[in-house]
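Here's the letter readout for the chains.
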Amino acid sequence: MNAVWIVFSKEMREILRDRRTLIAIGFAALATPIVLFVISQVSTRTASQSYTVGYTGEIPAGLNILFSSTGLNLVKVDDPAAAAKQQVDIGIAFTASGVDEYYDPTRQSAQIADVRLQTILSRYDAAKIAAALQQKGVDPSVLNPLPVTVHPLSSPAKAASNSFLSFFLPYILITMSLTGGLSAALDTSAGERERKTLESLLLTPAPRSHVLIGKILAVTAISLTAALAAIISMLVALSQLNFGGSRNGTLSVSLSPLAAVVMVWLAVLLAASFSCLTIALGTLARNFRQGQAYATPLYFITIFPASIILFIPDFNPNVGYYLIPILNAVLVLRDAIIHDAVAWGSLAVTTASLALTGGLCFYAALRLFTREALLVRS
Amino acid sequence: MTGTAVTVDRLEKTLGPNKVLRGISFEAHSGEIFGLLGPNGAGKTTTLRVICTLLAPDAGSVEVLGFDTRVAPREVRGRVGVVTAEIGVYPRLTARENIAYFAELSGVVDGALNRRVDTVLERLDMREFANQRAESLSSGQKQKVAIARAIVHDPPVLMFDEPTSNLDVLASREIREFMVEAKGRGKCVIFSTHVLHDAERLCDRVTILHQGRVVASGTTVEVRGGYQELEDSFLSLLETAR
């Protein structure tokens, strides 16, 4: 039997009996739905939350109806400015000349109540003006000489969900491709040395390159499983949860077949590259703990590229950016999700870049795995 | 005693800043227990690692059953089995799975695999714990797994590097009995140790290393010379070498 397959089979058997790896995969599958559930609860609660408005003076006729319909409860106070500091969310004073508003911008509840108040007042003003004009026989549309009719080219709800996915999905994909197989990678490299089984393994006639490839394939399989489990569970959770902050009450999330195919392809490339890299680091380490220390900086490279998409949503890079590993995967996946299209040139550059990165990591791992210091250092 | 199994010729090896081997030579034959003796740091383990191709010689040569370790390392590895003091096993695999893994990697083909593993389990009296995970085994049982994986491909050359240093009296005795049995089956057994009492009882011939050089070589009786015990001769040789 080929040594690659023998090592792969043995590693898979060991990994699947390892509680740490099973916990990592289970965590990958459960963590995202739990986080999303909490977000949905918070956003739903925020949307339906009522806020308290302390006021003085006479409420203009009809305005109290608008207040109650938007979740703003009116409470009579002596001093709206003082009350707005702690007692109520915002304070207002109805005067003969208009409305004085008092709110503390450092309080989130005050910010939300302020937005609602501004909305109510602008609607109230518009309705009052329109009524006055009508009484005088003037068409209220005179106030709006250039009416705008919006024709969205795609569903705004869909765009919102795509925007959400374009950040969250690459982040989950990259994070889980790394962390899902990390424990297995360190166990099969640094752990082999720590358990004192390395020398016996290297004493077999099996070529070291075959042994290494078997290990890499096993870790890649686990990383891929963890990444896909996390993404599938995330998509299932998104389809079931209700996010109160979205325009029509629910955030409709689905992944197009094209985006799904691109995602799986990128997951394979990322998982293979990370497996080579983490096994190389593990081979360099004397024990599991040292391997973990070596791998810690890798966590930063998982969050950084996805953050670019979050903070620069309209980031339109030239082809050079697609040469940067990890970032290129984020960009290609973002395009596939948002535009439901793939720029094949960018995908080819990304594939070549990730394959080259993985190849270099494999070469490094092989060099480390075949040098005499591997044994002498232990 | 039959033919030469292992030939070490003017072997030199430097590890980092240390010149560990300084031109050592010896031969070990099939059907004998050959003792490689010396104090800690003499170069015994390095010598064995060069013989089994884990390390490459800087100068000189090593042949195992006619195969040069530099030219044909895979052929050499397929013909040696090594047991060390380190009884590392894969804890989440059973004893049987540990042995089968090394058998497969050593080229034991599918059809013969179970038969070979069963034979080794029987021979080392391991049936009782064969299907237990290695993490639950005692030190002596793990040492048996380590021996089993080293011999499962039935290599003609067996090397034992301080095999009893971490074991209790019973387990140590079983190892010694196993070496004698292997010798009886025509294997070349190379036994590296600093426990001279064991060497005197078991070895047909010995080579004593000190600071990377051979300070004595011959049959146990020859090396002992006029002394009552090998230990006295050994101490005298080291004193002279200083």
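Residue numbers restart at each chain and count upward from 1, following the sequence in its written direction. Key to labels: chains lettered from A, ligands numbered from 1, both in the order written. Per-residue local features are limited, in this predicted model, to residues with pLDDT of at least 70; the limit for side-chain atom pairs, both in listing and counting, is 80 or more; totals at the level of whole chains, interfaces and linings are taken over all residues. The side-chain numbers reported here are obtained from all heavy atoms of the structure, hydrogens and water having been left aside.

Asks: Could you give me a rundown of the overall build of chain A, with the residues and numbers involved?
Replies: Working definition: helices are DSSP H or I runs of at least four residues, strands are E runs of at least two. Numbering for both runs from the N terminus. Of regular secondary structure, chain A possesses 15 helices and four strands. Its C-alpha atoms give chain A principal-axis dimensions of roughly 100 × 45 × 30 Å. Classification of residues uses two cut-offs on accessible area relative to the type maximum, computed with a 1.4 Å probe and protein chains only: under 20% is buried, over 50% is exposed, and between them is partly exposed. Expressed as a percentage of its 378 residues, the buried residues of chain A come to 47%. By definition in these notes, contact holds between two residues if any of their heavy atoms fall within 4.5 Å. For chain A, the share of sequence-separated contacts (at least 6 apart) that also reach a separation of at least 24 residues comes to 72%. For accessible areas, the Shrake-Rupley method is used with a probe of radius 1.4 Å. Any residue's cover is judged against the shown protein chains and nothing else. Of the roughly 18,500 Å² that chain A leaves accessible, carbon and sulfur atoms contribute 64%. Only four residue types enter the tally: Lys and Arg on the positive side, Asp and Glu on the negative side; His and the chain ends are excluded. In plain terms, the charge of a residue is placed at NZ if it is Lys, CZ if Arg, CG if Asp and CD if Glu. Chain A carries 26 positive and 21 negative side-chain charges, and their two centres are separated by 12 Å.

Asks: Tell me about the pairing of strand β1 (residues 51–56) of chain A, and please be specific about residues and values.
Replies: Residue and element names in this part refer to chain A. When you tally the buried positions in β1, you get five out of six residues, the bulk of the element. Following DSSP output, two strands are said to pair if at least two bridges run between them. Looking at chain direction, β1 and strand β2 (residues 72–76) are connected through five bridges and run parallel. Bridging from a neighbouring strand, V53 pairs with L74 of β2. Each parallel crossover has a hand, and the one from β1 via helix α3 (residues 63–69) to β2 is right-handed. Alignment of β1 against strand β3 (residues 90–94), held across four bridges, turns out to be parallel. Bridging across to β3, T56 finds its partner in A93. Here, the term right-handed applies to a crossover whose path from the first strand over the helix to the second runs clockwise when the strands point away from the viewer.

Asks: Can you explain the sheet that holds β2(A)? Please cite residues and give values.
Replies: Residues and elements named next belong to chain A. If you trace the four strands from one edge of the open sheet to the other, you get β2-β1-β3-β4, paired in mixed fashion. Two strands lie at the open edges of the sheet, namely β2 and β4 (99–103), each paired on one side alone. Geometrically, the sheet is characterised by an average inter-axis angle of 30 degrees between neighbouring strands, direction not taken into account. Every angle, taken between N-to-C directions, lies between 0 and 180 degrees, and every axis is a line fitted to C-alpha atoms, over only the stretch in contact when it is a helix. In the packing of helix α5 (residues 108–135) onto the sheet, the strands contacted are β1, β2, β3 and β4, and the crossing angle to β4 comes to about 160 degrees.

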